[in-house]
Amino acid sequence: MATAADQNPNDAEHREAAAGANAAAEEYEEEDEEEEEVELDGPAAVAAEREKVQAVFKRLSSDPVGIRVHDVIIKGNAKTKEELIEAEVAELLRAAPTVQDLLRNASIASARLRQLDVFDSVNITLDAGPPELPGTTNVVVEVVEAANPITGSAGVYSKPEARSWSLEGSVKLKNLFGYGDIWDASGAYSWDQTSEVGIGVSLPRFKSISTPLMARASLSSQDWLKFSSYKERLLGLSFGLISTMQHDLSYNLTWRTLTDPSQVSSKSIRRQLGHNLLSALKYTYKIDQRNSHLRPTKGYAFLSTSQVGGLWDSKGLRFFRQEFDVRGAVPLGFYNSALNVGLGVGAILPLGRGFMNLSSSVPDRFYLGGHSSPVCSLSGLSSLLGFRTRGIGPTEPRRLVPSESEDGSAASPGRDYLGGDLAVSAFADLSFDLPLKIFRDAGIHGHAFLTAGNLAKLSEGEYKKFSLSEFGRTFRSSAGVGIILPTKLFRVEVNYCYILKQAEHDSGRTGIQFSFSSPL
Amino acid sequence: SKESSPLPAMASAAAAAAAEWEEAERKVLVARKAAFGLPTACPTCLPVLLYLRMCNVPFDIHVDSSFPDADHIPYVEFGECVAFNNEKGGVIEYLKEEKIVDLNSKHPSVSYSDVLSTKAMVMTWLSDALQYELWLASDGSIPHDIYFSDLSWPIGKILYWKKTREVKQQLGITKLNAAEKEEEIYQKANAAYDALSTRLGDQIFLFDNSPTDVDALFLGHALFVLNVLPDTSVLRSCLQKYDNLVNFTKHLKVQLLEADSDSSATGLGSTDPSSSSTPRKRASSGRSYKPKPRAKKERTEEEKKFRRKAKYFLATQLVAVLLFLSLMGGADSSELDDEDGVDYED
């Protein structure tokens, strides 16, 4: 989800930069022609030449003038393969039948080359064709390759519950082999839970394949000892197969190891410790027509994620996982207020012989809880205001260590949250401006919310005990009000949450809670 | 901190563990998979299973096939308690220390030092020889069948390579001293077999006529060597030279593994009527030490309250700073907008 959110702002920035560059180029061309006019001699000749030029311009702008591209000449590519640039722009330029079309296609081609992110500047000029062929033109594409192929970035981000901060850094090597390839190495360290090291490469275009190809190797570890008594280590390869605006298809091959260094895990978690090979195909379909990522007041969003595991052999994890997320925002007309509603549903089904009695994998199950904003993120299944991360759902007692239990006053060993095979969550959020103008100018606004969610276990034969009425009756819910402070670093929410309904072992708590999330 | 607690607390802990053991409807031994005609082919899990059988403990077996490199397997679950293999010296030592089941407690006449030295020999020389045979001397098909057959092949191969390297480091084997180390390992194993053969003589068990944990340990080793290792195994040839050890193994295998699956029907009862009685539980004397944990808990509660207050204070300060920065930041951004307008006019 973060990756998709990251890409959208970058695309917008690229488009804006391209538009600005085009405007500058046009101004530059006009200045050149004016200088030429000034240099002419004689007042009569000047007048005659001016009339001719004006006539030509009038004709070009009003009437379609046929033209044919004789050749596309590429200059300045010391390292980049010529066929890469040609594949991006040649066909587009040759297809233009008139001068107007050629100019428009030239600007599109320029934008495409900039989008590769490996050139400092791109200039496309029209030159005269060979003298023996009237009505033809040579298009000169002149590129300036990036002088420094290395770029780096670093940032500090915060995660839900205000206890987990992560330091992230990445280094990119651009156009290393001349195919417009971008290599990046990145690392992320989180004080509490997650650390990751990854190396990836992306090719914008390889020979005749028009969609970008991506490959990434990563080593990451996630610490769930506090919630579920296990630690997860992942060594994986991921390949992006199809990546367009709305469709994303990727393949993952991951070696996943679950361990319990504390040795207090419950029985179900103990049975899941060990090594597994996850070979999964994942397809994501996404539409986000809301008018803002930070504070949507109009529009809708839809997300569907399907994942099939077990493509390597029958010994790996085999499951089918489906997740839906629907959002809507309706403006209400007063105080810039809007009503945001959302519904998320997810289910995971183990595959194989006797699948209804098999156990689903703990890391792939659904978990609810956490203080991240359900409005902004488009994966609302993981958020339930007022409850701790993974704070609801099926639980199991942890291992009992007798030396502690003999004392009557000692605390119980605690419980592990096991997650659910079926998850449903919903929210309604009413956001409004605050009365003071200084708050409105800074974007600080208030909101009132209502959230609900539930998890159910269906695997290992539990579906027989599942009843829809009981599932509906045991929905956890919370309500509250809060203030939202969007800053440049992160988005701060101060919420007062009131728990309306929770089960025996849930980790819900009424009171003031803070949440910090990335402004993605 | 648990280790430093006074002895009466440990006594009360032992009583609690024993109570949990009695209350548990069914004990579960989590071990590796069965193969080669043995209920578990893992040389670490087999002695624990045999020990439970010798104690006439009814239990279920759960097979764990996804964690071949776990050092906590085998473990025994009873109620919400677990006896792990990597805690308190192993499952057998855990059960003995917690006064749950202790075969050795029925032998007041047996010399403790004899039992201990024999056990040390089995757990060092014979264990090293078996590890060498299993991981380094064979071609890898036996470890694959025992540990890695249910894992995807890349994971299995990586883990096998990793384990092989670990065993080399553990036994101190390098390219330079491989031949000498091999000779030394087999020499010690042969000496151990000779000593055990002398100790056993014509008896049914190693010490008198009742089983001890050393019997379980050695029986596990011998069953593995005779049933799992190939005919070309040097260790197997060494063991087969001692007829009484081989007969000991076959005899007990019939009694413990080939009898009715419900282990309560084992023939051990007929040879030793006193083995069916459970050890008497010691009276709990932890009452006088209860005030101390209560005081600790109170302090913990105070600490929790203080931490919560500190957390709220820090969060409030952070929000105040962010609020201030946001307001000032808003003013700055408006100025920048004006500058942009000026540029646009130019």
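Please refer to the structure placed before this passage.
Residues numbered from 1 in each chain as written. Chains lettered and ligands numbered in written order. Predicted model: local features only at pLDDT ≥ 70, side-chain atom pairs only at ≥ 80, totals over all residues. Heavy atoms only, no water.

Peer 1: I'd like a rundown of the overall build of chain B, residues and numbers included.
Peer 2: Looking only at helices and strands, chain B features 12 helices and 4 strands. Out of the 346 residues in chain B, the part that is buried amounts to 44%. (Helix = DSSP H or I, 4+ residues; strand = E, 2+ residues; numbered from the N terminus. Buried < 20%, exposed > 50% of the residue type's maximum accessible area, 1.4 Å probe, protein only.)

Peer 1: Lay out the overall build of chain A in plain terms, naming residues and giving numbers.
Peer 2: The secondary structure content of chain A amounts to 9 helices and 21 strands. Carbon together with sulfur atoms contributes 58% to the accessible area of chain A, which is approximately 25,900 Å² in total. (Areas by Shrake-Rupley, 256 points an atom, 1.4 Å probe, with all protein chains shown as cover.)

Peer 1: Tell me about empty space enclosed by the protein, and please be specific about residues and values.
Peer 2: Residue and element names in this part refer to chain A. In this structure the tally under the stated criterion is 6 cavities of 30 Å³ or more. Here the largest cavity is characterised by a volume of approximately 80 Å³. Taken together, 13 residues form the lining of the largest cavity, with Val 375, Asp 429, Ser 431, His 445 and Arg 491 sitting closest to its centre. Elements with a minimum of two residues in the lining of the largest cavity: β17 (422-433), β18 (445-456) and β20 (491-501). Residue classes in the lining of the largest cavity are distributed as 4 nonpolar, 5 polar and 4 charged. (1 Å grid on protein atoms, 1.4 Å probe; cavity = no way out; pocket = protein on both sides within 12 Å on 5 of 7 lines; lining within 4 Å. Points joined across faces, edges and corners; volume = space filled by probe spheres on them. Nonpolar A, V, L, I, M, F, W, Y, C, P; charged D, E, K, R; others polar.)

Peer 1: Tell me what's going on with the nonpolar core, and back it up with residues and numbers.
Peer 2: Where a protein is soluble and globular, its nonpolar side chains tend to be buried together. Counting 105 residues, the largest nonpolar core has Val 76, Phe 78, Leu 95, Ile 100, Tyr 193 and Phe 218 of chain B as its most contacted members. Looking at which element gives the most residues to this core, the answer is helix α8 (residues 213-227) of chain B, with 10 residues. In contact with Phe 218 of chain B, other than residues within four places in its own chain, are Val 122, Leu 126, Tyr 193, Leu 196, Leu 206, Leu 239, Leu 245 and Phe 248 of chain B. Core analysis: the second largest hydrophobic core is formed by 21 residues, Val 72, Ile 74, Leu 93 and Ala 106 of chain A among them. (Core = buried A, V, L, I, M, F, W, Y, C linked by side-chain atoms within 4.5 Å. Contact = heavy atoms within 4.5 Å.)

Peer 1: Describe a negative patch on the surface, listing the residues and the values that go with them.
Peer 2: Residue and element names in this part refer to chain A. Together, Asp 71, Glu 82, Glu 83 and Glu 86 make up a region of like negative charge exposed at the surface. Looking at the negative patch element by element, the count peaks at 3 residues for helix α3 (residues 82-94). Along the polypeptide, Glu 83 turns up in helix α3. By relative accessible area, Glu 83 is classed as partly exposed at 46%. (Patch = residues over 30% accessible without salt bridge, like charges linked within 9 Å, V, L, I, M, F, W, Y side chains within 5 Å. Salt bridge = Lys/Arg side-chain N within 4 Å of Asp/Glu carboxyl O. Lys, Arg positive; Asp, Glu negative; His and termini not counted. Charge placed at Lys NZ, Arg CZ, Asp CG, Glu CD.)

Peer 1: So, the sheet that holds strand β1 (residues 27-31) of chain B: which residues are in play, and what are the values?
Peer 2: Backbone-to-backbone hydrogen bonds pair the strands of a sheet. The strands run either parallel or antiparallel. Residues and elements named next belong to chain B. The sheet built from 4 strands is open, its strands ordered β2-β1-β3-β4 with mixed pairing. Both outer strands of the open sheet, β2 (59-63) and β4 (81-83), are each paired with one neighbouring strand and no more. Strand-to-strand twist in this sheet, taken as the mean axis angle between neighbours without regard to direction, amounts to 25°. Pairing geometry for β1 and strand β3 (residues 75-78), over 3 bridges, is antiparallel. Following the sheet pairing, Val 28 is matched in β3 by Glu 77. (Pairing = 2+ DSSP bridges. Axes fitted to C-alpha atoms, helices over the stretch in contact; angles between N-to-C directions.)

Peer 1: Can you explain the packing of helix α2 (residues 45-54) of chain B against α8 of chain B? Please cite residues and give values.
Peer 2: In a pair of packed helices, the angle between the axes and the distance between the axes together describe the arrangement. Residues and elements named next belong to chain B. For the pair α2 and α8, the least separation of the axes is 8 Å and the interaxial angle reads 130°. In this view, α2 runs oblique relative to α8, as classed from their interaxial angle. Taken as a pair, α2 and α8 cross one another with a handedness that is right-handed. On α8, the residues that touch Leu 46, Pro 47, Leu 50, Tyr 51 and Met 54 of α2 are Asp 213, Asp 215, Ala 216, Leu 217, Leu 219, Gly 220, Leu 223 and Phe 224. Considered class by class, the residues forming the contact of α2 with α8 number 10 nonpolar, 1 polar and 2 charged. (Parallel < 35°, antiparallel > 145°, perpendicular 65-115°, else oblique. Left-handed = near helix turned anticlockwise from the far one by under 90°.)

Peer 1: Go over a nonpolar patch on the surface with me, naming the residues and quoting the values.
Peer 2: A contiguous nonpolar patch, built from Leu 237, Phe 239, Leu 241, Ile 242, Leu 281, Val 308, Leu 311, Phe 320, Leu 349, Leu 351, Phe 355 and Leu 358 of chain A and spanning about 860 Å² of accessible area, is present on the exposed surface. Mapping Phe 320 of chain A onto the fold places it in strand β13 (residues 319-331).

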